[in-house]
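What follows is each chain in one-letter form.
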Amino acid sequence: MNTIYIRTLKRAEHTVFNVSDGQKYYYDSQFGRRIPYSSGQQVKRSMIDSLCDSINQAPSPTTFLFDVTKQKELKEGEVYGTCDPRYADQLFGGWMKAAKGGKDRTLKRRSPLSISAMRALHPMLAGMDSENASFDRSERPNNKVIVRDEKGNELSEDQIVSFLEGKDRSLSRKWIPDNRRATGLFVFDVAIDLRRLFNVSVNSFEPEMSGSTIENLKNEGWVESVNVFGPCLVAPHAIRKQWIEGLAHAIINWRITSNQSRTFSLMDTLAVSVSDNANLIAGSIRAKLSEEDSKKAEPIVDENINGVDTFITLQAGGFIHTKGEQADALEKAEQKLVDLMMAYDYENQVVPQ
């Protein structure tokens, strides 16, 4: 087994995943509905944040490049990380650093984690509602109100009162039109490529790291090995054990943490499936159109698919017909991931002849 597939079912209540003119959504042409979603990038970022918290390691620093133009203005350049796998967020998240000329070479590592967007389990099982919300502080007598004229000059209180005569307008209340919120059952998928998880290539023709980083890793106990992608360095066992536990915890317990989310929801997990077969895991958590009404769908968590381990939480019974709910379902799912990742032989991978 070279790949672990995980499918997770979550429930969201009246929340916002990602802000871009309100809640992000896509249009489902078959059912004619706008479906809210959280991008795979946001899910990955939140997951990596959870990982760093779990292993008590600060995320790697980020380098922001700017170029000064002939007009003495700053022009934004690329943004890149450390390209150093001693940081867990770099090892699992991957990196890309383009060459800037001279002796520099492009460094590129593909992430061993493939993460989908968090989207509706079925178009009929999730949706958005809109409302005209307000930010109302009109009951407070100590509010400070500033009104400026067309030249930017601040008006006096008498000028403001005069200006507001005949106008139905409050200066202590702001309206937020078309305030979208997402509710429903959502699913996302993760694929873990075990061949790449703790193995970093040292192929000089397609470099992932600089020469100095490679030497530093060797001095810190990273093991020289070979996998299907060529010569590589493997993280020491002690690092693998700690980071595997952190990664498993992050996959099961992450929450949206970016500053593009608002309106708190527990986004509680209803079920998790784990398998080495992508086709089987797609069927373990699914939806089926109602036979009586083609505009309705029923969520299904299949507990008896050979080759798939499915873990169902207590709250799932409130939304899905299930029998195998367990109070410690998520702890068992987390331990299953730890066992599968620890069992893989990273140092002695089978290389095709």
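> How should the side chain of Arg109 be read in this particular structure?
Along the chain, the position of Arg109 falls in strand β7 (residues 107-109). Overall, the relative accessible area of 4% leaves Arg109 in the buried class. There is a polar contact of 2.7 Å between the side chain of Arg109 and the backbone oxygen of Arg196. In contact with Arg109, not counting residues within four places along its chain, are Gln90, Leu91, Gly94, Trp95, Arg196, Leu197, Asn199, Val200 and Glu208.

> What should I look at first to understand the packing of aromatic side chains in this one?
The description of two aromatic rings rests on the distance between their centres and on the angle between their planes. Applying the stated criterion across every chain, the model contains six aromatic pairs. Ring plane angle 80 degrees and centroid distance 5.6 Å describe the contact between Phe92 and Phe198, whose orientation is recorded as edge-to-face. Placement of Phe92 in helix α2 (residues 88-93) and of Phe198 in the loop between α4 (194-197) and β12 (199-201) is noted, with a sequence separation of 106 residues between them. Residue Phe92 shares its accessibility class with Phe198, and that shared class is buried.

> What should I look at first to understand the confidence of the model for the chain in this one?
Of all residues in the chain, 86% attain a pLDDT of 70 or more, and the chain-wide mean is 84. Looking across the chain, the model is least confident in strand β10 (residues 126-136), with a mean pLDDT of 63, and most confident in helix α8 (residues 329-343), with 96.

> How do you make sense of a nonpolar patch on the surface when you look at a structure like this?
Residues Phe64, Phe66, Val68, Leu74 and Val79 make up a contiguous nonpolar surface patch of about 550 Å² in total accessible area. For the nonpolar patch, the elements supplying multiple residues, two or more each, are β4 (63-68) and β5 (74-80). Considering every element that reaches the nonpolar patch, the biggest residue donor is β4, with three residues. By the secondary structure assignment, Val68 is in strand β4. With relative accessibility at 60%, the residue Val68 sits in the exposed group.

> Just checking my understanding: could you explain the pattern of salt bridges for this structure?
Under the counting rule described, the total for this entry stands at 15 salt bridges. With a closest N to O distance of 3.3 Å, Arg240 and Glu347 form a salt bridge. Here Arg240, found in helix α6 (residues 237-253), pairs with Glu347, found in the segment after α8; they are 107 residues apart in sequence, far enough to count as distant. Given a relative accessible area of 29%, Glu347 falls into the partly exposed group. Each of Arg110, Asp193, Arg195 and Arg196 takes part in salt bridges that share partners, so that together they form one network.

> Please explain the sheet that holds strand β14 (residues 230-234) as it appears in this structure.
The antiparallel open sheet is built from three strands, whose spatial order is β12-β14-β13. Only two strands of the sheet have a single partner each, and these edge strands are β12 and β13 (223-227). Along the sheet, successive strands turn relative to each other by an average axial angle of 45 degrees, direction set aside. Bridging between β13 and β14 involves five bridges; their strand directions are antiparallel.

> Explain the packing of helix α1 (residues 40-55) against α6 here, please?
Two measures define how a pair of helices packs: the angle their axes make with one another and the distance between the axes. Two elements in contact, α1 and α6, have axes whose closest approach is 8 Å; the angle formed by their N-to-C orientations is 135 degrees. Compared by their axis directions, α1 and α6 come out oblique. In this structure, the crossing between α1 and α6 has a hand that is right-handed. Facing α1, whose interface residues are Met47, Ser50, Leu51, Ser54 and Ile55, α6 presents Gln242, Trp243, Gly246, Leu247, His249, Ala250 and Ile251.

> Got a minute to help me understand the nonpolar core in this structure?
Across soluble globular proteins, nonpolar side chains show a tendency to be buried alongside one another. By size, the foremost hydrophobic cluster in this structure holds 60 residues, and its most contacted members are Phe92, Ile192, Leu197 and Met341. Beyond its immediate sequence surroundings of up to four residues, Phe92 is in contact with Ile48, Leu51, Ser111, Pro112, Leu113, Leu197, Phe198, Trp243 and Leu247. Leu9, Leu121, Leu185 and Leu270 belong to the second largest nonpolar core, which has 13 residues in total.

> Explanation requested: unusual backbone geometry in the structure shown.
Phi is positive for Asn56, which is not a glycine, with a value near 60 degrees. Secondary-structure assignment places Asn56 in the loop between α1 and β4. Accessibility expressed as a relative area gives 73% for Asn56, which makes it exposed.

> Explanation requested: the packing of α6 against α8 in the structure shown.
Interaxial distance between α6 and α8 falls to 9 Å at its minimum, and their mutual angle equals 145 degrees. In terms of crossing hand, the pair formed by α6 and α8 is right-handed. Judged by residue contacts, His237, Arg240, Lys241, Ile244, Glu245, Leu247, Ala248, His249, Ile251, Ile252 and Asn253 of α6 engage Leu330, Ala333, Glu334, Leu337, Val338, Met341 and Met342 from α8. The residue makeup of the contact of α6 with α8, split by class, is 11 nonpolar, three polar and four charged.

Cut-offs and rules
- Residues numbered from 1 in each chain as written.
- Predicted model: local features only at pLDDT ≥ 70, side-chain atom pairs only at ≥ 80, totals over all residues.
- Heavy atoms only, no water.
- Helix = DSSP H or I, 4+ residues; strand = E, 2+ residues; numbered from the N terminus.
- Buried < 20%, exposed > 50% of the residue type's maximum accessible area, 1.4 Å probe, protein only.
- Polar contact = N/O pair within 3.5 Å; in protein donor to acceptor, adjacent residues only side chain to side chain.
- Contact = heavy atoms within 4.5 Å.
- Phe/Tyr/Trp six-rings, centres within 6.5 Å; stacked < 30°, edge-to-face > 60°.
- pLDDT = per-residue confidence, 0-100.
- Patch = residues over 30% accessible without salt bridge, like charges linked within 9 Å, V, L, I, M, F, W, Y side chains within 5 Å.
- Areas by Shrake-Rupley, 256 points an atom, 1.4 Å probe, with all protein chains shown as cover.
- Salt bridge = Lys/Arg side-chain N within 4 Å of Asp/Glu carboxyl O.
- Pairing = 2+ DSSP bridges.
- Axes fitted to C-alpha atoms, helices over the stretch in contact; angles between N-to-C directions.
- Parallel < 35°, antiparallel > 145°, perpendicular 65-115°, else oblique.
- Left-handed = near helix turned anticlockwise from the far one by under 90°.
- Core = buried A, V, L, I, M, F, W, Y, C linked by side-chain atoms within 4.5 Å.
- Nonpolar A, V, L, I, M, F, W, Y, C, P; charged D, E, K, R; others polar.

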